[in-house]
Amino acid sequence: MPLGTLQFTIDGITVQTQEGQSLIAACDAAGLYIPRLCYHPDLRPAGNCRVCTCRIDGHQAAACVTPVRDGMVVENDTPQLNADRLALIEMMFVEGNHPCPYCVASGDCELQALGYRLGMTAPVYPFFWPRHEIDASHPDIFLDRERCIACSRCIEASRMPDGKSVFSYEGRGIAMHLHVDGWGGLGATQMAAIDKAAHVCPVACIVIRRDGYRIPNGQRRFDKTPIGTDIEARRKAPPS
């Protein structure tokens, strides 16, 4: 192998990658999908949601914050790990308010799409029915905290690519919610519709006004193909 190349196996498949890659990034490049919610390839990984947890050399760890090691043995697509992921998704649904049939993000929502992929048919836990403040103070962006799944993508995007630190968390435990750095709400911050933070939300917590139905229902990202299909297509594509 070339210098700096590492080799590991995931579900019995041998993958070669470069030193310094995270497990989830290496698998993405190899066309092997690991379910995830808080991970975004353009942002620093946080390891918040734990949906990407794999069994690595006999121990469970989040793939987004685990660097690849030479010779590591990874289990990803197993009944137990997928059952754990499904339980996480089901809890996220009832901790917030996610009315999929009439949600503006339906068909483009990663939480909804992951629920479908993992076989979720209906929530199995009692709903919390949280009441969080809806922020409509911004002329171009709508903030619905009842949809937030605390992935922290918007926080990281606002800090690093945007350089604004518009978002943070306030409170602890089940009371934790998304906070904006402006006494008058989102409209009093430096947030702009072109910001990275406005385009990385995996659900419908941050919505661009006058854009929600630009793509009709039935023609959105996950209406025709399951989430992760684009990554898996890299493996299935014939060599060029």
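Source: prediction; values computed, not measured.

A. Up close: the UniProt feature "domain: 4Fe-4S His(Cys)3-ligated-type" (unreviewed entry) in the protein. In the UniProt entry, the feature "domain: 4Fe-4S His(Cys)3-ligated-type" (unreviewed entry) is given for residues 80-119. Structurally, residues 80-119 comprises 60% helix and 0% strand, and the distance from its first C-alpha atom to its last is 13 Å.

B. Geometry of the pattern of salt bridges. A full pass over the atoms with the stated rule returns 13 salt bridges. Residue Arg55 pairs with Glu75 through a salt bridge whose shortest N-O separation is 3.9 Å. Taken together, the residues span a long stretch of sequence, with Arg55 in strand 3 (residues 53-56) and Glu75 in strand 5 (residues 73-75) at a distance of 20 residues. Bridged by salt links that share partners, the residues Asp108, Glu110, Arg153 and Arg221 form one connected network.

C. Region of the structure containing the pairing of strand 9 (residues 177-180). As paired strands, strand 8 (residues 167-170) and strand 9 are joined by 4 bridges and run antiparallel to one another. The residue bridging Ser168 from the neighbouring strand is His179, located in strand 9. Between the antiparallel neighbours strand 8 and strand 9 lie 6 residues, among them Gly171 with a positive phi of about 90°.

D. Local environment of the side chain of Thr5. Structurally, the position occupied by Thr5 is in strand 1 (residues 5-10). Side-chain polar atoms of Thr5 contact the side chain of Gln18, separated by 3.2 Å. Apart from residues lying up to four places away in sequence, Thr5 is in contact with Gln16, Thr17 and Gln18.

E. Local environment of the state of the cysteines. One pass over the full model with this rule turns up 0 disulfides. Distance from the sulfur of Cys27, which forms no disulfide, to the nearest cysteine sulfur (Cys54) is 6.9 Å. The thiol of Cys38 is unpaired, and the distance to the nearest cysteine sulfur, on Cys49, comes to 3.7 Å.

F. Seen up close, the packing of aromatic side chains. Tallied over the entire structure, the rule returns 1 aromatic pair. Note on Phe127 and Trp129: the rings are 4.8 Å apart at their centroids and 20° apart in plane angle, and the pair reads as stacked.

G. Focus on unusual backbone geometry. Of note, the phi angle at Ala150 is positive, near 55°, even though the residue is not glycine. Owing to a relative accessible area of 30%, Ala150 belongs among the partly exposed residues under this scheme. Phi angles above zero are rare outside glycine, and Ser152 is one such case at about 75°. Structurally, Ser152 can be placed in the loop between strand 7 (141-144) and helix 4 (153-159).

H. The arrangement of the sheet that holds strand 1 in detail. Taken together, 5 strands build an open sheet; the order of strands is 2-1-5-3-4 and the sheet is mixed. With one partner strand each, in any of the chains shown, strand 2 (13-18) and strand 4 (59-62) form the two edges of the open sheet. Averaged over all pairs of adjacent strands, the angle between strand axes in this sheet comes to 35°, irrespective of strand direction. In the sheet, strand 3 pairs with strand 4 via 4 bridges, with the strands oriented antiparallel. Each bridged residue has a counterpart across the sheet, and for Arg55 the counterpart in strand 4 is Gln60. Contacts from helix 1 (residues 23-30) reach strand 1, strand 2, strand 3 and strand 5 within the one sheet, and its direction differs from that of strand 1 by about 85°. Sitting on the sheet, helix 2 (residues 79-95) touches strand 3, strand 4 and strand 5, and the angle it makes with strand 3 is about 155°.

The rules behind these values
Residues numbered from 1 in each chain as written. Predicted model: local features only at pLDDT ≥ 70, side-chain atom pairs only at ≥ 80, totals over all residues. Heavy atoms only, no water. UniProt positions renumbered as here; feature names shortened; annotations may be inferred. Helix = DSSP H or I, 4+ residues; strand = E, 2+ residues; numbered from the N terminus. Salt bridge = Lys/Arg side-chain N within 4 Å of Asp/Glu carboxyl O. Pairing = 2+ DSSP bridges. Polar contact = N/O pair within 3.5 Å; in protein donor to acceptor, adjacent residues only side chain to side chain. Contact = heavy atoms within 4.5 Å. Disulfide = S-S within 2.5 Å. Phe/Tyr/Trp six-rings, centres within 6.5 Å; stacked < 30°, edge-to-face > 60°. Buried < 20%, exposed > 50% of the residue type's maximum accessible area, 1.4 Å probe, protein only. Axes fitted to C-alpha atoms, helices over the stretch in contact; angles between N-to-C directions.

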